[in-house]
Amino acid sequence: MKITSAEFIKSIADTGQMPRDDFPQIAFAGRSNVGKSSLLNSLLNRKKLVQVSSTPGKTRLINFFLINNKFYFVDLPGYGYAKVSKQIYKNWQILLENYLMQSKKLQGVVVLIDLRHLITEADLQLIGWLENNKIPVLTVGTKSDKLSKNKIIHQKMQNEILLGGFNNPKIVPYSSVTGLGKSELWSDLMLLLDKKRLAI
């Protein structure tokens, strides 16, 4: 995948602020310390397009990045870690659910898990909710460079067993450091975008 342009467009705190153009969107979701910003920068061959926070859970807005002037990557707020008030957390949940339900341009959601561990209940709940609402899901196992090749295979298999009841139990091991899984993930992303028959 050749990236000719990647630019931050806007952050929104309300779905009424979403871009009004016709470009398709792929959203990225995961726990606050899963390495989502690093993965996005790696996918887009950029070092600092998506800011990597030293404080997990700091991102509280939905961020839109326009890629090749043809589609959006949408960075969703992290969940399950941030030390925030119950009201703020509730507001995040409302914002996320409203976006996922109201965005007519959403092609699918990439759910990130830390491949060093078993998938969490929060991740399973999110994937289940997405599937119940007929939103395509891709699951990516981050931080794979911290595991041996045999451990990657083992963790991938164990997590795919836990996802066995879902429509797409496949997990793509990924490393923002080594580039492992980058080509495979782009291939999966292109299948989602191909619904719009884009000449990307």
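Shown above is the structure to which this text applies.
Because the structure is a prediction, the values reported are computed rather than measured.

Chemist: Just checking my understanding: could you explain the pairing of strand E4 (residues 71-75) for this structure?
Modeler: With five of five residues buried, E4 is to be regarded as a mostly interior element. Across the two faces of E4 the burial is the same, with Phe71, Phe73 and Asp75 and Tyr72 and Val74 all buried. Where strand E2 (residues 25-30) lies against E4, four bridges are found, and the strand directions are parallel. Across the sheet, phenylalanine 28 pairs through a bridge with aspartate 75, a residue of E4. Between the end of strand E3 (residues 62-67) and the start of E4, which pair antiparallel, lie three residues, with asparagine 68 showing a positive phi angle near 55°.

Chemist: Explanation requested: the packing of aromatic side chains in the structure shown.
Modeler: One pair of aromatic rings is described through two measures. These are the centre distance and the angle between the planes. The tally for this structure, following the rule as stated, stands at eight aromatic pairs. Seen from their ring centres, phenylalanine 64 and tyrosine 99 are 6.1 Å apart, and the 80° between their planes marks the pair as edge-to-face. Separated by 35 residues along the polypeptide, phenylalanine 64 in strand E3 and tyrosine 99 in helix H2 (residues 86-102) bring together distant segments of the chain. Residue classification places tyrosine 99 among the buried positions, given a relative accessible area of 0%. Here the aromatic cluster, defined as three or more aromatic residues joined through ring pairs, consists of Phe23, Phe64, Tyr72 and Tyr99.

Chemist: How do you make sense of the nonpolar core when you look at a structure like this?
Modeler: Burial of nonpolar side chains together is a common tendency in soluble globular proteins. In this structure, Leu76, Tyr99 and Val109 are the most contacted members of the largest nonpolar core, which totals 31 residues. Where this core is concerned, the elements lending two or more residues are E2, E3, E4, H2, strand E5 (106-114) and helix H3 (121-132). Dropping the residues within four chain positions of it, valine 109 is found in contact with Ala27, Ala29, Leu100, Leu130, Ile135, Pro136, Val137 and Leu138. Phe28, Ile67, Val172 and Trp186 belong to the second largest nonpolar core, which has 25 residues in total.

Parameters at a glance
- Residues numbered from 1 in each chain as written.
- Predicted model: local features only at pLDDT ≥ 70, side-chain atom pairs only at ≥ 80, totals over all residues.
- Heavy atoms only, no water.
- Buried < 20%, exposed > 50% of the residue type's maximum accessible area, 1.4 Å probe, protein only.
- Helix = DSSP H or I, 4+ residues; strand = E, 2+ residues; numbered from the N terminus.
- Pairing = 2+ DSSP bridges.
- Phe/Tyr/Trp six-rings, centres within 6.5 Å; stacked < 30°, edge-to-face > 60°.
- Core = buried A, V, L, I, M, F, W, Y, C linked by side-chain atoms within 4.5 Å.
- Contact = heavy atoms within 4.5 Å.

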